[in-house]
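# Report on the structure
Spelled out from the first residue to the last, the chains are:
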Amino acid sequence: MPKEKKTSVSSNKPERIVLDYMSRQNRPYSVMDIVSNLHAAVTKTECQRAVNSLVDKELLTSKTFGKQTIYVVRQDTIETAKPDELASIDKRLVQLRETIAEQKSKQKQLSAELASLNSALTTEEIQHRLAMLTSKNEQSKEHLVLLRSGSQLVPVEERQRVTREMETHRKLWTQRRRLFKDMFSTVTENLPGKPKELLEELDISLDDPIDINISPRDLLST
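Because the structure is predicted, anything quoted here is derived from the model rather than measured.

As a further point, take the pattern of salt bridges. Tallied over the entire structure, the rule returns 3 salt bridges. A salt bridge links Lys-57 to Glu-15; its shortest N-O distance comes to 2.7 Å. Of this pair, Lys-57 sits in the loop between α3 (44-56) and β1 (60-65) while Glu-15 sits in helix α1 (residues 13-25); the two residues are 42 residues apart in sequence, bridging distant segments of the chain. Assigned by exposure class, Lys-57 and Glu-15 land together as buried. Put simply, Arg-161 and Glu-158 hold a salt bridge, and the shortest N to O gap is 2.5 Å. Here Arg-161 pairs with Glu-158, and both are found in helix α6 (residues 156-187), just 3 residues apart, close to one helical turn. The structure contains a network of salt bridges with shared partners spanning Glu-158, Arg-161 and Glu-165.

The structure is reproduced here in structure tokens:
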């Protein structure tokens, strides 16, 4: 049986607050710990008076360690649960653990479904993409029709411009090739060995002209 309390604390608000907190926690605390944990519900002075009074009333017990005093609820004043109550609590704990496990499993499944939905396109996005692909498909069809009909897809002005640029670059290439051959012939005129072997040793290609009508397959086979 719990020890009968000597004096009621119902008329003293700080005492009641401190005792209720200490009874719920059932752990040792200093005055500063109690004030901090109660978030200034009582002042340090009120808390000190309360714990001193509760110790005098044998509701708390104290022990001093150096300059610090620790307070804890007297264990013989705490109401203990009956065996059948403990059994009921244990059964409830088992049920709660099973419920938690089930909810965690459901939460995991729902999280996976949510991630899948978030990664999927919305209806608006699908409609926009479908419109883009449809437009691109129509453009490709029109291009294919032109290719099959043999129509010239490159404008005449563009072909003429490319032809002029090609002729300009070809003239420059011809001039530079001829200049190199003249210089190389002069340098190697009195050198021993064949000039062709020197060109191969120096990994120099003369870029001899190739018939533009030749088949690319013939070039690959050489």
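Read on for the rest.
Membership of the largest hydrophobic core comes to 18 residues, with the highest contact counts inside it found for Val-18, Met-22, Ile-34, Cys-47, Val-51 and Leu-60. Residue assignment for this core shows that the elements contributing at least two residues are α1, α2 (31-37), α3 and β2 (68-73). Residue contacts for Met-22: discarding those within four places in its chain leaves Arg-27, Tyr-29, Ile-34, Leu-60, Tyr-71, Val-72 and Val-73.

Here we come to a nonpolar patch on the surface. Taken together, Leu-144, Leu-146, Leu-147, Leu-153 and Val-154 make up a surface patch of nonpolar side chains, about 390 Å² in accessible area. Along the chain, the position of Leu-144 falls in helix α5 (residues 123-149).

What follows covers α1. An ideal rise of 1.5 Å per residue puts 18 Å on 13 residues; α1 measures up with 18 Å between its terminal C-alpha atoms. Those residues of α1 that fall on the buried side of the exposure criterion are Pro-14, Glu-15, Val-18, Leu-19, Tyr-21 and Met-22. Relative to the axis of α1, the buried residues are bounded by an arc of 165° and lie together on one face. Turned more than 90 degrees from where α1 packs its buried face, Lys-13 and Arg-24 sit exposed.

This paragraph deals with the packing of aromatic side chains. One pass over the structure, following the stated rule, counts 2 aromatic pairs. Where Phe-180 meets Phe-184, the ring centres are 5.7 Å apart and the plane angle is 20°; that geometry is what we call stacked. Of this pair, Phe-180 and Phe-184 both sit in helix α6, 4 residues apart, which is roughly one turn of the helix. Exposure remark for Phe-180: the relative accessible area of 31% places this residue in the partly exposed category. Taking the relative accessible area as the measure of exposure, Phe-184 reaches 14% and is therefore buried.

Here is what the cut-offs are and how they apply
Residues numbered from 1 in each chain as written. Predicted model: local features only at pLDDT ≥ 70, side-chain atom pairs only at ≥ 80, totals over all residues. Heavy atoms only, no water. Salt bridge = Lys/Arg side-chain N within 4 Å of Asp/Glu carboxyl O. Helix = DSSP H or I, 4+ residues; strand = E, 2+ residues; numbered from the N terminus. Buried < 20%, exposed > 50% of the residue type's maximum accessible area, 1.4 Å probe, protein only. Core = buried A, V, L, I, M, F, W, Y, C linked by side-chain atoms within 4.5 Å. Contact = heavy atoms within 4.5 Å. Patch = residues over 30% accessible without salt bridge, like charges linked within 9 Å, V, L, I, M, F, W, Y side chains within 5 Å. Areas by Shrake-Rupley, 256 points an atom, 1.4 Å probe, with all protein chains shown as cover. Expected span 1.5 Å × (residues − 1). Arc of directions from axis to C-beta. Phe/Tyr/Trp six-rings, centres within 6.5 Å; stacked < 30°, edge-to-face > 60°.

All quantities given are derived from atomic positions and should not be read as evidence of function.
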